Amino acid sequence: MMYRIGQGYDVHKLVENRELWLCGVKVPHTHGLLGHSDADVAIHALCDALLGSLALRDIGYHFPDTDERFKGADSKILLAEVVAMIRKEGWEISNVDITIMAQSPKLKDRIETMRLTLAEVMNTEVGRVSVKATTTEGLGFEGRKEGISASAVALIYKD
C-alpha cells in the first residue's frame with residue numbers, strides 16, 4: 001500500500017453583509033468571510049491538503065479568483081472536484097483532519113453537521129473526517145475577530 005500526506009492552510013477576513021460558511025455549513029453570525037467564492041476557509045484548507053498530497057499545486061491554481069466562473073462559488077463543489085481529481089489518479093481518502101481558528105462564533109454545536117457534510121461531499125465515511133475548532137485566546141487577527149483561519153491535513157492511499 002502507498003500513502004501520501006498533504007497539508008493546507010487558508011485565511012479570510014471577516015466582514016459585514018456576508019454569509020459565514022464553514023465546512024459547507026451556513027453558520028449564523030454577524031459577519032461572514034470575504035472572498036471570491038463563498039470563502040469557506042475550512043474547505044479551502046482541505047482542498048489544498050488534498051491537492052498537496054499529490055503535488056497538484058493549490059486551490060488558487062485550479063479555481064483562480066480571476067475566473068468569473070468561481071465568483072460566489074459553493075466551496076463544496078470545489079471540494080467535490082478536488083476529490084474527483086484524487087480518485088482519477090487512483091487514490092482514496094484515508095482520513096482528513098481540519099482545525100478552524102476563530103474567536104467567534106462558537107462552533108462546538110455544529111461540528112457533527114460539518115463532519116457529515118464533508119463526508120457526504122467526499123463520498124466517504126464520517127469516521128474518516130475530523131473537524132475541530134479552537135480560539136486563539138484573544139491573540140492575533142483571529143482573536144481580534146478580524147478573520148478566521150483553518151489548517152487541514154489529508155492522508156490518501158493507493159493499493
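These remarks concern the structure in this document. (Residues numbered from 1 in each chain as written. Predicted model: local features only at pLDDT ≥ 70, side-chain atom pairs only at ≥ 80, totals over all residues. Heavy atoms only, no water.)

Topic: helix α4 (residues 111-122)
Keep this limit in mind: What counts as a helix is a DSSP run of H or I of at least four residues, what counts as a strand is a run of E of at least two, and both are numbered from the N terminus. The span one expects for a helix is its residue count, reduced by one, times 1.5 Å. Only protein chains enter the area calculation, which uses a 1.4 Å probe; residues under 20% of their type maximum are buried, those over 50% are exposed, and those in between are partly exposed. In what follows, a contact means two residues having at least one pair of non-hydrogen atoms within 4.5 Å.
Along its twelve residues, α4 runs 16 Å from first to last C-alpha, staying within 8% of the 16 Å computed at 1.5 Å per residue. Listed as buried for α4 are I111, M114, R115, T117, L118, A119 and M122. Along its buried surface, α4 packs onto β2 (20-22), β3 (25-27), α1 (41-53), α3 (75-88), β5 (92-101) and β6 (129-134). Among the residues trailing α4, N123 stands out with phi positive, at a value near 50°.

Here we look at the side chain of T136
Quick note on the threshold: The definition of a polar contact used here is a pair of N or O atoms within 3.5 Å, where within protein one atom must be able to donate a hydrogen and the other to accept one, and adjacent residues in sequence count solely through side-chain atom pairs.
Residue placement: T136 occurs in the loop between β6 and α5 (140-143). On the basis of relative accessible area, T136 is assigned to the buried category, the value being 18%. Looking at T136, its side chain comes within polar contact range of the main-chain nitrogen of G143, at 3.1 Å. With residues near it in sequence (within four places) discarded, T136 still touches M101, Q103, E142 and G143.

Comments concerning the packing of α3 against α4
Operational definition: Angles run from 0 to 180 degrees between N-to-C directions of axes, and those axes are lines fitted to C-alpha atoms, restricted for helices to the stretch in contact. To sort the angles, those under 35 degrees are grouped as roughly parallel, those over 145 as roughly antiparallel, those from 65 to 115 as roughly perpendicular, and the leftovers as oblique. Throughout this entry, Asp, Glu, Lys and Arg are counted as charged residues, while Ala, Val, Leu, Ile, Met, Phe, Trp, Tyr, Cys and Pro are counted as nonpolar. The remaining residues, Gly among them, count as polar.
Packing of α3 against α4 leaves a shortest axis separation of 9 Å and a crossing angle of 50°. Classified by the interaxial angle, the pair formed by α3 and α4 is oblique. Of the residues in α4, those in contact with K76, L79, A80, V83 and R87 of α3 are T117, L118, V121 and M122. Per-class residue counts for the contact of α3 with α4 are six nonpolar, one polar and two charged.

Brief notes about the sheet that holds strand β4 (residues 32-33)
Test applied: By this definition, two strands are paired if DSSP reports at least two bridges between them.
The strand order β4-β1-β7-β5-β6 describes an open sheet built from five strands, whose pairing is mixed. At either margin of the open sheet sits one strand with a lone partner, and together these are β4 and β6. Where strand β1 (residues 2-15) and β4 come together, two bridges link them in antiparallel fashion. Paired with L14 across the strands is L33, a residue of β4. Across the face of the sheet, α4 comes into contact with β5 and β6 while running at roughly 145° to β6.

A word on the pairing of β1
Bridge analysis of β1 against strand β7 (residues 147-158) gives twelve bridges, and the strand direction is antiparallel. For M2, the partnering residue across the bridge sits in β7 and is K158.

Remarks on unusual backbone geometry
The amide bond that connects S104 to the next residue, P105, takes the cis arrangement and shows omega of 5°. Of note, P105 is situated in the loop between β5 and α4. Of note, N17 is a non-glycine position whose phi angle comes to about 65°, a positive value. By the element assignment, N17 lies in the loop between β1 and β2. Using a relative accessible area of 77% as the deciding quantity, one classes N17 as exposed. Notably, K145 is not glycine yet its phi reads approximately 65°, a positive angle.

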